[in-house]
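One letter stands for each residue in the lines below.
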Amino acid sequence: MRSIASCYSEHAIKVSDSYCSGPSNKAYLSPNLAPSTPNTVTCMYKAKISSSQRNLLITLTWCNNLIGQGLTVNVGENLSTPSEFNSNSHQLRKNKGCKTFKSCNSDIEVYWDVSNARYINGPEPSTRFSVMILIDSELCLLLGDMNEEQQPAPKFSLVSRSETFIGSTVYSTKAQFCDTGLAHDILIKCSGEEEEEGWRNPVLSVCIDQKKVFQVKRLRWNFRGNQIIFVDGLLVDMMWDLHDWLFKQTSGCAVFMFRTRSRLDSRLWLEEKSSGLEQMEKERPEFSLLICACKSPD
């Protein structure tokens, strides 16, 4: 009987350290195609409350609006329905301030400062900003480079990130698939010859750290699919759905997702499970990156 390792290694694409260590000598992006800038970035963090031994989900949404960048905060116990999520969301309209509210039977305090923030690509600040969230007076989330070192350090991890793009066919972002891994450059490009009735011979290309990982041709037949890749010793499922983008003339969205599997699911070098390893893997959060590309803002 063939082992699971041989089955996966035969069909998966490996992104090794040497494969992603530096820039390629060959161009991976046409000079006349510039990556689009995201309009909205949503990050969900799992925070552990030491006093009550609870895990809460803290969601930050950075967006562009008519008066500049905006920030919305949501605190919940699980993945809520859209209506519940919106009712628990709190928009921070100023560049600097403090906001308090109740959620999940807890007192939430949010301190933020983006008055001098710098932005590189999109509405999420890169440097010179601070976001601090306390739950029942316990520090649970600390972001930015303007904070003093806190003891004890808050225990939180990024479990999902989603980005929304408007227009264009080239999407660029960064993702760190595990806490001990590197931040990888990800480029998704949909190319083809444009005609009045749509695209001719469209092709999907996915690059990680300036190297082409895989390419999908005949997208009119392969408009939905998935590919397994190895990144930082993890199995990562990359899925795409281009149906509405390809077959709707004026509207429609393309959706791309990267999702890590647990190490127990992607374990290629162990034959038996140990109870200690299983418990460690249950505590390690999985990560997903969602990219939604819309033809128009509507």
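Fair warning: this is a prediction, and the values are worked out from it, not measured in the lab.

This paragraph deals with the overall build of the protein. Broken down by element type, the protein carries four helices and 18 strands. Taken over 298 residues, the protein has a buried fraction of 42%. Restricting the contact set of the protein to residue pairs at least 6 apart, pairs at least 24 apart contribute 49%. Only carbon and sulfur atoms are counted for the fraction: they give 49% of the accessible area of the protein, which is about 17,000 Å².

Here we take up the side chain of Arg261. Relative to the helices and strands, Arg261 is located in the loop between β17 (253–260) and α4 (275–283). Reaching out from Arg261, the side chain makes a polar contact with the side chain of Asp237 at a distance of 2.8 Å.

With that settled, the discussion passes to the pattern of salt bridges. Taken as a whole and assessed by the stated rule, the structure comprises seven salt bridges. One salt bridge in this structure joins Glu77 and Arg54, with 3.4 Å as the shortest N-O distance. Placement of the pair is Glu77 in the loop between β4 (68–76) and α2 (82–87) and Arg54 in strand β3 (residues 54–65), with a sequence separation of 23 residues. Salt-bridge contacts for Asp241 lead to Arg224; the nearest nitrogen and oxygen are separated by 3.0 Å. You can see Asp241 sitting in strand β16 (residues 234–241) and its partner Arg224 sitting in strand β15 (residues 224–231), a full 17 residues away along the chain. The class for Asp241 is partly exposed, based on a relative accessible area of 27%. Beyond isolated ion pairs, a larger network of salt bridges with shared partners links Glu124, Arg161 and Glu163.

If you look at the biggest cluster of nonpolar residues, it comprises 32 residues, and the most contacted ones within it are Phe177, Ile188, Leu204, Trp240, Leu242, Phe256 and Phe258. Sort the elements by how many residues they give to this core and β16 lands first, with four residues. Contact partners of Leu204, with chain neighbours within four places excluded, come to Ile188, Lys189, Cys190, Phe214, Gln215, Val216, Leu219, Trp240 and Phe256. Formed by 27 residues, the second largest nonpolar core is a distinct cluster that contains Leu56, Ile58, Leu60 and Val73.

Our next topic: the pairing of strand β18 (residues 288–294). Within β18, five of the seven residues are buried, which leaves it mostly tucked inside the rest of the structure. Inspection of the sheet shows strand β10 (residues 156–166) paired to β18 by seven bridges, in the parallel sense. Its bridge partner being in β18, Ile166 is matched across the sheet by Cys294. Sheet topology places β17 next to β18; seven bridges connect them, and they run antiparallel. Bridging across to β18, Phe256 finds its partner in Ile291.

Now for the pairing of strand β9 (residues 138–144). Most of β9 sits out of view: six of its seven residues are buried. Note that strand β8 (residues 130–135) and β9 share six bridges and pair antiparallel. When the sheet's bridge partners are listed, Ile135 is paired in β9 with Glu138. Two successive antiparallel strands, β8 and β9, enclose a turn made up of two residues, where Asp136 displays a positive phi of approximately 55°.

The residue Asp136 is not glycine, and still its phi comes out positive at about 55°. One can find Asp136 in the loop between β8 and β9. In the Ramachandran plot, Gln210 falls in the positive-phi region, its phi being about 65° despite a non-glycine side chain. Counting through the fold element by element, Gln210 comes out in the loop between β13 (198–208) and β14 (211–216). Overall, Gln210 belongs to the partly exposed group, its relative accessible area being 29%.

Reading the values: rules and limits
Residues numbered from 1 in each chain as written. Predicted model: local features only at pLDDT ≥ 70, side-chain atom pairs only at ≥ 80, totals over all residues. Heavy atoms only, no water. Helix = DSSP H or I, 4+ residues; strand = E, 2+ residues; numbered from the N terminus. Buried < 20%, exposed > 50% of the residue type's maximum accessible area, 1.4 Å probe, protein only. Contact = heavy atoms within 4.5 Å. Areas by Shrake-Rupley, 256 points an atom, 1.4 Å probe, with all protein chains shown as cover. Polar contact = N/O pair within 3.5 Å; in protein donor to acceptor, adjacent residues only side chain to side chain. Salt bridge = Lys/Arg side-chain N within 4 Å of Asp/Glu carboxyl O. Core = buried A, V, L, I, M, F, W, Y, C linked by side-chain atoms within 4.5 Å. Pairing = 2+ DSSP bridges.

Shape descriptors only; they carry no functional weight alone.
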